[in-house]
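These are the residues of each chain, in order.
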Number of protein chains: 2
Amino acid sequence: MTVNKNCIIRLSKYKNALAKLKALGFVKVFSDNLADAAGVASSLVRKDFSIFGITGNKKGGYLVDELIEKVNDILGKNDIQKVVIAGAGNIGSALMKYAGFEKEGLKVSAVFDSDPSKTDKNGPVPILPIDSMKDYIKQNKIRIGIICVPDVSASGVFDIMVSSGIKGVLNFAPVSLKTQEDIIVENVNLVGELESLIYFVNASKKMK
Amino acid sequence: MTVNKNCIIRLSKYKNALAKLKALGFVKVFSDNLADAAGVASSLVRKDFSIFGITGNKKGGYLVDELIEKVNDILGKNDIQKVVIAGAGNIGSALMKYAGFEKEGLKVSAVFDSDPSKTDKNGPVPILPIDSMKDYIKQNKIRIGIICVPDVSASGVFDIMVSSGIKGVLNFAPVSLKTQEDIIVENVNLVGELESLIYFVNASKKMK
DNA sequence: TAGATTGTTAATCGATTAACAATC
DNA sequence: TAGATTGTTAATCGATTAACAATC
């Protein structure tokens, strides 16, 4: 019924699949094809589309070009989306240079770190002192932030981001950020993901 | 009823909260406290525990020390868990050095890359040619693999991992790996997460 | 037309929450 | 005892799937 996170993640998968189909010269695509690509039922694909008013042809499926355009529009792919990263450690530095972001129009505008020795104003992506983050976010009207700082610093950094105008946060620190008002927080819990994987692998081993 | 991924992620969160409580000198903890920490209802905390046969006291909650021990046991924290990484690019290299893994007993045993110039047999974590991955996994009986290779190489690397004995895969490539048999795949879709964040931030902006 | 696909509604499934008896 | 918390069952909620009429 309503748009939820999974729905947008699916749109992103449809988009990836459509790009590949287009490259192969496909003109039309059926909900069944996209369902396979995303690993869901075809009725869900059609439902996703109906939420956004995307319609196909009763017989001939959907036109690839048209679909790409509409999905890109929904996902904001027609604009470059600027984000800032807090923390120039392993994860933060990796995301700063991550080709997957750039390819998708996700531009890391600046990285901030509390360690002054990491400052590098002239790199392709500037690394700046954390003290300057608030002003930077305000001046550049950034709305998306990525938190890659250690556990203990995360909620402090989060508060600064929120007070600077950030509206959405991708959080890699394994702490739950108490989210007031209309701020959206997505958590990427890498340790948790691995722990879960390990649990199920060990559990299935025991069953045998 | 049955153990699912969310349940294990919650156990991981309980574990983190319990470590902090213990450091503060707490002896007892109530399901309500852990519910707050994990952002769920207290009845779910009690249900999670009941699945694993963890019982408390009708009046006095749970003993912190006892709980830590039991949760650690469930999550396999009493053993060092070895993993391999395929791909020594930005993400792979970051995870190789990621302190969050080491702290939790997750040991990156080796990293593999197709680029011979990245080979480094003598580092704290060896970086080896991708051709040697299969033998390495077999010889060291590794069961968990992390895929950080580009999109197009992902399914090939996945097949090698599976044929070498890997049972669980954490996949950072934005492609769906067709998982046969009893192999568990967890996807970390960084671009998708950001796209979803951007969508909802933009959507809430429009509402105003 | 016959066959196939969309768009939408109803059914299902699973996870979380609420409620409450048991009991310390 | 009275009050509070556990352990468990029933209710709720939300997302996905199945089914099917409409129709090209």
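Since the model is a prediction, treat every value here as computed from it, not as a measurement.

### Describing the relation of the copies chain B and chain A
- Placing chain B over chain A gives an RMSD of 0.0 Å and needs a rotation angle of 180°, together with 0.0 Å of translation along the axis. The symmetry that links the two subunits is that of a two-fold axis. Using C-alpha coordinates, one finds that chain B approaches the rotation axis most closely at Ala94 of chain B, a distance of 3.0 Å.
- The fraction of interface residues of chain B whose copies in chain A are also interface residues reaches 100%, indicating that both copies meet through the same surface.

### What about empty space enclosed by the protein?
- Inspection of every chain in the model, using the stated rule, returns one cavity of 30 Å³ or more.
- In this structure, the largest cavity occupies an estimated 60 Å³ of space.
- Surrounding the largest cavity, Ile91, Ala94, Leu95, Phe172 and Leu190 of chain A together with Ile91, Ala94, Leu95, Phe172 and Leu190 of chain B form its lining.
- Those elements giving two or more residues to the lining of the largest cavity turn out to be α5 (90–97) of chain A together with α5 (90–97) of chain B.
- Here the lining of the largest cavity is composed, by residue class, of 10 nonpolar, no polar and no charged.

### Side note on the state of the cysteines
- Under the defined criterion, the tally for this structure stands at zero disulfides over all chains.
- Among the cysteines around Cys148 of chain A, which has no disulfide bond, Cys148 of chain B carries the closest sulfur, lying 15 Å off.

### Topic: the protein's contact with DNA strand C
- Taken together, 24 residues form the shell around DNA strand C, and within it Ser31, Arg46, Gly56, Lys58 and Tyr62 of chain A come nearest.
- Among the atoms of DNA strand C close to the protein, meaning within 4 Å, 57% are from sugar or phosphate groups.
- Note that a phosphate oxygen of DNA strand C is positioned 2.7 Å from one of the side-chain N or O atoms of Ser31 of chain A.
- Between a base nitrogen of DNA strand C and a side-chain N or O atom of Ser43 of chain B, the distance comes to 3.1 Å.
- Of all the elements in the fold, those that place two or more residues in the surface near DNA strand C are α3 (42–51) of chain A together with α1 (5–23) and α3 (42–51) of chain B.
- Partitioning the surface near DNA strand C into residue classes produces five nonpolar, 10 polar and nine charged.

### Thoughts on the side chain of Glu193 of chain B
- Examined against the element boundaries, Glu193 of chain B turns out to sit in helix α9 (residues 190–207).
- Given a relative accessible area of 13%, Glu193 of chain B falls into the buried group.

### Regarding the protein's contact with DNA strand D
- Residues in close proximity to DNA strand D total 24 residues, the closest being Ser31, Arg46, Gly56, Lys58 and Tyr62 of chain B.
- One of the side-chain N or O atoms of Asn4 of chain A is found 2.8 Å from a sugar or linking oxygen in DNA strand D.
- In this structure, a phosphate oxygen belonging to DNA strand D sits 3.0 Å away from a main-chain N or O atom of Ala41 of chain A.
- Elements with a minimum of two residues in the surface near DNA strand D: α1 (5–23) and α3 of chain A together with α3 of chain B.
- The residue makeup of the surface near DNA strand D, split by class, is five nonpolar, 10 polar and nine charged.

### So, the interface of chain B and chain A
- Listed as interface residues are 61 residues of chain B and, on the opposing side, 61 residues of chain A.
- For the chain B and chain A pair, buried surface summed over both sides reaches about 5,300 Å², with 66% attributable to carbon and sulfur atoms.
- Linking chain B with chain A are eight salt bridges, by the criterion used here.
- A salt bridge links Glu195 of chain A to Lys77 of chain B; the nearest nitrogen and oxygen atoms lie 2.7 Å apart.
- For the pair chain B and chain A, the interface holds 16 residue pairs in polar contact (both at pLDDT 80 or more).
- Element by element, the count of residues in the side of chain B that touches chain A is highest for α9 of chain B, at 14 residues.
- A class-by-class count of the residues in the side of chain B that touches chain A yields 32 nonpolar, 12 polar and 17 charged.

Definitions and cut-offs
Residues numbered from 1 in each chain as written. Chains lettered and ligands numbered in written order. Predicted model: local features only at pLDDT ≥ 70, side-chain atom pairs only at ≥ 80, totals over all residues. Heavy atoms only, no water. Least-squares fit on C-alpha atoms with pLDDT ≥ 70 in both. Contact = heavy atoms within 4.5 Å. 1 Å grid on protein atoms, 1.4 Å probe; cavity = no way out; pocket = protein on both sides within 12 Å on 5 of 7 lines; lining within 4 Å. Points joined across faces, edges and corners; volume = space filled by probe spheres on them. Helix = DSSP H or I, 4+ residues; strand = E, 2+ residues; numbered from the N terminus. Nonpolar A, V, L, I, M, F, W, Y, C, P; charged D, E, K, R; others polar. Disulfide = S-S within 2.5 Å. Near = heavy atom within 4 Å. Polar contact = N/O pair within 3.5 Å; in protein donor to acceptor, adjacent residues only side chain to side chain. Buried < 20%, exposed > 50% of the residue type's maximum accessible area, 1.4 Å probe, protein only. Buried area = accessible area lost by both parts, 1.4 Å probe. Salt bridge = Lys/Arg side-chain N within 4 Å of Asp/Glu carboxyl O.

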